[in-house]
Amino acid sequence: MKKVFFLGLIMTIIFTLTACGSNSATLSEKEITVGVTGGPHQQIMEQVAKIAKKDGLTIHLKVFNDYNQPNTALDTGDLDASSYETLPFLKAQIKDRGYKITDVFKTVALPMGIYSNKIKNLKDLKKGDKIAIPNDPSSQPRSLTLLEKAGVIKMKKGTQRTGSTRDIVSNPKHLEFIAMDPAQITSHLDEVTAAAINSNFAMGANLTILNDSIYHESLTHNSYPNYFVVRTKNKNDKVVKQIKNYYHSPQIKAYISKTFHGSVVPAW
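Computed from a prediction, not measured in an experiment: that's the story for all the values here.

About the cut-offs
Residues numbered from 1 in each chain as written. Predicted model: local features only at pLDDT ≥ 70, side-chain atom pairs only at ≥ 80, totals over all residues. Heavy atoms only, no water. Salt bridge = Lys/Arg side-chain N within 4 Å of Asp/Glu carboxyl O. Helix = DSSP H or I, 4+ residues; strand = E, 2+ residues; numbered from the N terminus. Buried < 20%, exposed > 50% of the residue type's maximum accessible area, 1.4 Å probe, protein only. Axes fitted to C-alpha atoms, helices over the stretch in contact; angles between N-to-C directions. Left-handed = near helix turned anticlockwise from the far one by under 90°. Contact = heavy atoms within 4.5 Å. Pairing = 2+ DSSP bridges. Parallel < 35°, antiparallel > 145°, perpendicular 65-115°, else oblique. Nonpolar A, V, L, I, M, F, W, Y, C, P; charged D, E, K, R; others polar. Core = buried A, V, L, I, M, F, W, Y, C linked by side-chain atoms within 4.5 Å.

Caption draft 1: Structural detail: the pattern of salt bridges. For the coordinates displayed, the defined rule picks out 3 salt bridges. Taking the shortest distance from any N to any O, the salt bridge between Asp80 and Arg231 comes out at 3.8 Å. Highlighted residues: Asp80 in the loop between α3 (69-76) and β3 (81-86) and Arg231 in strand β12 (residues 225-231), separated in sequence by 151 residues. Assessed through its relative accessible area of 12%, Arg231 is described here as buried. Among the salt bridges present, the one from Glu217 reaches Arg142, with a minimum N-O distance of 2.8 Å. Placement of Glu217 in the loop between β11 (215-216) and β12 and of Arg142 in helix α5 (residues 139-149) is noted, with a sequence separation of 75 residues between them. Taken individually, Glu217 and Arg142 each receive the classification buried, so the pair is uniform in this respect.

Okay, here's the thing in structure tokens:
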């Protein structure tokens, strides 16, 4: 009986320790690591980190040079959070890879623009002109929707968020769409009549949405906000709410306006 009693006691202790261990999964309110992509997301989070530091919260930034690695690192626990992606991209990653991560608040939007070294207005497009568009599944439908809003093409109903060039139902000028890596489009701008370029890549080529684009998405209430993302189990953690307050502060809004001149806009 004693052996049974002691065995039961040991099992109880193990269960209790395990339960305590699961509670320790709550994110620290003193130190947190956030994954960002280089450029605006990194710059803005650096400013957020300065505000947080005054309250005793240290935000470490880990900078990535592609869109796929941060979500993998977050899901496996190498990061505590990330700040860099749109909701369509996040949902696609969750669906394809089974990540247990979720969006918790909006950050900024990077309006997509149409740029050209050959024309000043999309009305000047001629029959058979070439237009470069992103080849990734989240940016391509976005670029085609932008061209649809400009009156250049028409998309099949219901495909504005997920469609591709196969879903174009009207192309009066028989434009040729050339899909390529979003990061490479700016370097090929002279080879096409116009190109749809994400703001982060446009800024990398010293192009701004207000001064250089010939057409662009709305700068207010943009339909493609980026999000701060955490593991699903951490979505209600106190530190997440703290960071949201820092990010949505008047100081950060003023910094974005002063620094990016419309190429990056607050999404909250």
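Caption draft 2: Spatial organisation of the packing of helix α2 (residues 40-54) against helix α8 (residues 250-260). Contact pair α2 / α8: the axes reach a minimum separation of 10 Å and the direction vectors enclose 145 degrees. Crossing geometry of α2 relative to α8 is assigned as right-handed. Contact residues: Pro40, Gln43, Ile44, Gln47, Val48 and Ile51 in α2; Gln251, Ile252, Tyr255, Ile256, Thr259 and Phe260 in α8.

Caption draft 3: Up close: the sheet that holds strand β5 (residues 113-115). Across the sheet, 5 strands lie side by side as β9-β6-β10-β5-β11; this open sheet has mixed pairing. The open sheet has two edge strands, β9 (176-180) and β11, and neither has a second partner. Here β5 runs beside strand β10 (residues 194-197); their pairing, made up of 3 bridges, is antiparallel. The residue bridging Tyr115 from the neighbouring strand is Ala195, located in β10. Across the sheet, α5 lies against β5, β6 (130-134), β9, β10 and β11, angled at about 135 degrees from β6, the strand it touches most.

Caption draft 4: Structural view of the packing of α2 against helix α7 (residues 238-247). It is at 9 Å that the axes of α2 and α7 come closest, and there the two elements cross at 110 degrees. Taken together, the axis directions place α2 and α7 in an arrangement best described as roughly perpendicular. At the point where α2 passes α7, the crossing takes the right-handed sense. Side by side, α2 and α7 meet where Ile44, Met45, Val48, Ile51 and Ala52 of the first sit next to Ile243, Tyr246 and Tyr247 of the second. Of the residues assigned to the contact of α2 with α7, the class counts are 8 nonpolar, no polar and no charged.

Caption draft 5: Just the sheet that holds strand β4 (residues 101-109), in detail. Ordered in space as β2-β1-β3-β12-β4-β13, the 6 strands form an open sheet in which the pairing is mixed. At either end of the open sheet lies a strand with only one pairing partner, and these are β2 (58-64) and β13 (265-266). Against the sheet, α2 touches β1 (31-37), β2, β3, β4 and β12, its axis set at about 170 degrees to β2.

Caption draft 6: Region of interest: the pairing of β10. Residues of β10 alternate between two faces, with Ala194 and Ala196 on one and Ala195 and Ile197 on the opposite face, all of them buried. Pairing geometry for β6 and β10, over 2 bridges, is parallel. From the neighbouring strand, Ile131 faces β10, where its bridge partner is Ala194.

Caption draft 7: Highlighting the nonpolar core. Residues Ile44, Val48, Ile59 and Ile243 are the most contacted members of the largest nonpolar core, which totals 28 residues. Of all the secondary structure elements, the ones that give two or more residues to this core are β1, α2, β4, β12, α7 and α8. Here this core takes 6 residues from α2, the largest share from any one element. Sequence-distant contacts of Ile243, defined by excluding residues within four places in its chain, comprise Ile32, Val48, Leu57, Ile59, Phe105 and Phe228. By size, the runner-up hydrophobic cluster in this structure holds 19 residues, among which are Met112, Ile131, Leu146 and Met155.

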